Amino acid sequence: MSRDIWRMGYHLMPPTGWGNDPNGLCQFRGTYHVFHQYSPDWPQKGERAWGHFSSPDLIHWQHHGVVIHQDTPDDANGAYSGSALVVPGAASDGGDLLRLYYTGNVKRPGDYDYINAGREANEILVTSEDGYALSPKKVLLRSADYPDYCSCHVRDPKVWRQDGSYHMLLGARDRDSQALVLVYDSDDGDSWSLRRAIRPQKPFGFMWECPDRIELDGHEYLACCPQGMPAKNPDGSGTSWSGTFALDGKLIDTESVDTSTYVELDRGFDFYAPQTFVDDSGRTLLIGWVGMPDEDFCGQPDGMSWIHCYTVPRVLTRAEDGRILQNPIPELDQLHGAHLYVDAQGSIAFDQPRVDLQLADVQGAGSLALDGALHVTWGDGQLTLSFTDPEVGIERHSRSCDCDLHDLRVLVDNSMVELYANGGREAFSTRWFPRTERLDVALDSHCQANAWTMQDCMSNTYEA
Ligand code: FRU
């Protein structure tokens, strides 16, 4: 594992190689588990597997390497994304059983378009009684089982239990390149029957990846990642999105979603494929991939031995108007080191690049600059994140959203920045690549500003 200055101090990252979507999030027998899409051989070609982190407290993590390989004919070209379901009392010792559902990707050799021909998607189950040792793989659904109107792109099972039944969402692309999700039902979590397809009321991308069901205060949301959306950048990039549709009733009874209710979960440059789970204390927690598919830029300096990382776990709650609020887990406060009052119209130099900066009671327009390279500006009902130094932003330019700023939390962790605005109504995630191991913050605002240094809690996470 490289010791470059951009390694994360309190965000998860692949120790080496490529990481994408978080998978199989759960709290099982007391321990938190974060599985993830993992290609340890990157930048060489190699397998797309599941890696695994575990934690007693969501702060101190252990990485266990690759735990689900692409090693059967049913997942020969990738153990793709999926989710976890904890079944109380179903293990042989009378304790809880962990069920992990994922998509086995298979590409047949030949001259195929791999959209309507040449690809298979198998929904596969593995179980575990302790969270670490995994059962043999069992294929539950194959391509022939999906409706005829589907293309070969069907994947990313999200499984949950509701009203005594198991339900599964699968993201899909139909043969006319319209996006949808399939909803399946099951009595036992093994044999599945199609319940319905849910489509957008207006065309909304060609494929929905990583669907999720979120329930907050009895209100349900369908989360998904549409591909093929209007570009967010002038250069035509940013066409894959991540967000939620607010539903009127239960997801399993929903026939179509109103696209005007879609809200992006994160406005930054690097955020995709978030997944949620409910922990033992009943909190709904979200972790997102800090990376983007379908971009034509690499987004980081050449020569690094690892790529991409994950957001901190975020607690989701529901505002009175139905908006989903996202805030970093309170456990992160345990990592606070020195506390500093910050002059709201001055600058401050930190001798380390890990900081939690909090602005409260923000009045009027203002700005914040990190190392004079990454700028957060607000005023006229807009909040904007932009880069002025292309060496630091690496092809990231500017992203904005409507927001009358009242409060802002900025988490800086080496090469990662997360912004949380207005009690978590807006979030921005971005990578950045500062050239020093110090951090200069310049603030021009009317507000109460506080900052804490953040400890590095990842020193024992990865094998040496
Ligand atoms: C989303 C995604 C998923 C797929 C996985 C493969 O980023 O494309 O749809 O399961 O990544 O790594």
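Given the structure is predicted, the values throughout are model-derived calculations rather than measurements.

## Focus: the overall build of the protein chain
Next up, step 1: Along the backbone of the protein chain there are one helix and 33 strands.
Next up, step 2: A compact globule built from 464 residues would reach a C-alpha radius of gyration of about 23 Å, and the protein chain, at 22 Å, matches this within 12%.
Next up, step 3: Seen through its principal axes, the protein chain has C-alpha atoms that stretch 65 × 50 × 45 Å.
Next up, step 4: Pairs at least 24 residues apart make up 60% of the contacts formed inside the protein chain by residues separated by at least 6 positions.
Next up, step 5: Of the accessible surface of the protein chain, which amounts to about 17800 Å², a share of 46% is contributed by carbon and sulfur atoms.
Next up, step 6: Here the protein chain holds 37 positive side-chain charges and 69 negative ones, and the gap between their average locations is 4 Å.

## Details of the layout of surface pockets
Next up, step 1: Taken as a whole, the largest pocket encloses approximately 840 Å³ of empty space.
Next up, step 2: Surrounding the largest pocket, 32 residues form its lining, W18, N20, R48, Y80 and N105 being those nearest its centre.
Next up, step 3: Contributing elements (two or more residues each) for the lining of the largest pocket: β1 (17-28), β2 (31-39), β5 (79-87), β6 (97-107), β9 (150-162) and β13 (207-216).
Next up, step 4: In this model, the second largest pocket occupies a volume close to 480 Å³.
Next up, step 5: Lining the second largest pocket are 20 residues, with A84, L85, W160, F277 and V278 positioned closest to its centre.
Next up, step 6: Taken together, the elements giving at least two residues each to the lining of the second largest pocket come down to β1, β5, β9, β13 and β18 (272-278).
Next up, step 7: Per element, the largest residue contribution to the lining of the second largest pocket is four residues, and it comes from β9.
Next up, step 8: Residue composition of the lining of the second largest pocket, grouped by class: 11 nonpolar, three polar and six charged.

## Focus: the nonpolar core
Next up, step 1: Of all hydrophobic cores here, the largest spans 43 residues; its most connected members are Y10, L12, V34, W61, L285, L332 and L335.
Next up, step 2: Of all elements in the fold, only β1, β2, β18, β19 (284-290), β20 (306-307), β21 (309-310) and β31 (416-421) reach the threshold of two or more residues within this core.
Next up, step 3: For this core, the leading source of residues is β19, giving four residues.
Next up, step 4: The contacts of Y10, once residues within four sequence positions are left out, are V312, L332, L335, R354, V355, L411, V412, D413, M454, Q455, C457 and M458.
Next up, step 5: Membership of the second largest hydrophobic core comes to 36 residues, among which are V355, L357, L385 and F387.

## Concerning the pairing of strand β22 (residues 314-318)
Next up, step 1: Relative to β22, β19 is paired through three bridges, and the arrangement is antiparallel. Bridging across to β22, T284 finds its partner in L316.
Next up, step 2: Taken together, the five bridges between β22 and strand β23 (residues 324-328) define a ladder with antiparallel strand orientation. By the bridge assignment, L316 is partnered in β23 with Q326.

## Let's talk about the packing of aromatic side chains
Next up, step 1: Across all of its chains, the model carries 15 aromatic pairs by this definition.
Next up, step 2: Members of the aromatic cluster, connected to one another through ring pairs, are F204, W208, F245 and Y262.
Next up, step 3: Lying across the ring of Y114, K107 places its NZ or CZ 4.9 Å from the centre.
Next up, step 4: Against the face of Y149 rests R199, its NZ or CZ located 5.3 Å from the ring centre.

## A short note on the site of the ligand
Next up, step 1: The environment of the ligand is formed by N20, D21, Q37, R48, Y80, S81, R155, D156, E209 and Y272.
Next up, step 2: One of the backbone N or O atoms of S81 is found 3.1 Å from an oxygen atom in the ligand.
Next up, step 3: When the ligand sits alone it has 320 Å² of accessible area, and the protein chains cover 92% of it.
Next up, step 4: Judged by the fraction of its atoms near the pocket grid, the ligand is located in the largest pocket.
Next up, step 5: At the level of elements, β1, β5 and β9 are the ones that each hand at least two residues to the shell around the ligand.

## Examining unusual backbone geometry
Next up, step 1: Here the residue pair W42 and P43 is connected by a cis peptide bond, since its omega of 10° sits within 30 degrees of zero.
Next up, step 2: Residue placement: P43 occurs in the loop between β2 and β3 (49-55).
Next up, step 3: Residues other than glycine seldom take positive phi values, yet C210 does so here, at roughly 45°.
Next up, step 4: Positionally, C210 belongs in strand β13.
Next up, step 5: At N422, a position not held by glycine, the phi torsion is positive, near 50°.
Next up, step 6: By relative accessible area, which is 15% here, N422 ends up buried.

## Topic: the environment of D4
Next up, step 1: Mapped onto the elements, D4 comes out in the segment before β1.
Next up, step 2: Note: C-alpha distance between D4 and W306 (302 residues apart in sequence) is 9.9 Å.
Next up, step 3: The residues contacting D4, other than those within four sequence positions of it, are M304 and W306.
Next up, step 4: Within the structure, D4 has its side chain in polar contact with the backbone nitrogen of R7 (distance 3.2 Å).
Next up, step 5: One polar contact links D4 to W306, side chain to side chain, over a distance of 2.9 Å.

## Observations concerning the pattern of salt bridges
Next up, step 1: Within this structure, the stated rule accounts for 30 salt bridges.
Next up, step 2: A salt bridge links D163 to K250, with the shortest nitrogen-to-oxygen separation between them at 2.6 Å. Residue D163 is located in the loop between β9 and β10 (165-174), and its partner K250 is located in the loop between β15 (243-246) and β16 (256-257); the two are separated by 87 residues in the primary sequence.
Next up, step 3: Residue classification places D163 among the exposed residues on the basis of a relative accessible area of 58%.
Next up, step 4: Its salt-bridge partner being E264, residue R267 comes within 3.5 Å of it at the nearest N-O pair.
Next up, step 5: Here R267 falls in the buried class, since its relative accessible area comes to 18%.
Next up, step 6: Look at E264 and you get buried, because its relative accessible area is 14%.
Next up, step 7: Taken together, the salt bridges that share partners define one network made up of K232, E264, R267, R323 and E426.

## Overview of the side chain of H11
Next up, step 1: With respect to the helices and strands, the residue H11 is situated in the segment before β1.
Next up, step 2: For H11, the side chain forms a polar contact with the side chain of D413, separated by 2.7 Å.
Next up, step 3: For H11, the side chain forms a polar contact with the side chain of E418, separated by 2.6 Å.
Next up, step 4: When near neighbours in sequence (up to four residues on either side) are disregarded, H11 contacts Y310, T311, V312, D413, M416, E418, M458 and Y462.

What counts and what doesn't
- Residues numbered from 1 in each chain as written.
- Predicted model: local features only at pLDDT ≥ 70, side-chain atom pairs only at ≥ 80, totals over all residues.
- Heavy atoms only, no water.
- Helix = DSSP H or I, 4+ residues; strand = E, 2+ residues; numbered from the N terminus.
- Rg over C-alpha atoms; globule rule 2.2 N^0.38 Å.
- Contact = heavy atoms within 4.5 Å.
- Areas by Shrake-Rupley, 256 points an atom, 1.4 Å probe, with all protein chains shown as cover.
- Lys, Arg positive; Asp, Glu negative; His and termini not counted.
- Charge placed at Lys NZ, Arg CZ, Asp CG, Glu CD.
- 1 Å grid on protein atoms, 1.4 Å probe; cavity = no way out; pocket = protein on both sides within 12 Å on 5 of 7 lines; lining within 4 Å.
- Points joined across faces, edges and corners; volume = space filled by probe spheres on them.
- Nonpolar A, V, L, I, M, F, W, Y, C, P; charged D, E, K, R; others polar.
- Core = buried A, V, L, I, M, F, W, Y, C linked by side-chain atoms within 4.5 Å.
- Buried < 20%, exposed > 50% of the residue type's maximum accessible area, 1.4 Å probe, protein only.
- Pairing = 2+ DSSP bridges.
- Phe/Tyr/Trp six-rings, centres within 6.5 Å; stacked < 30°, edge-to-face > 60°.
- Lys NZ or Arg CZ within 6 Å of the ring centre and 35° of its normal.
- Near = heavy atom within 4 Å.
- Polar contact = N/O pair within 3.5 Å; in protein donor to acceptor, adjacent residues only side chain to side chain.
- Sits in = over half its atoms within 2 Å of the grid points.
- Salt bridge = Lys/Arg side-chain N within 4 Å of Asp/Glu carboxyl O.

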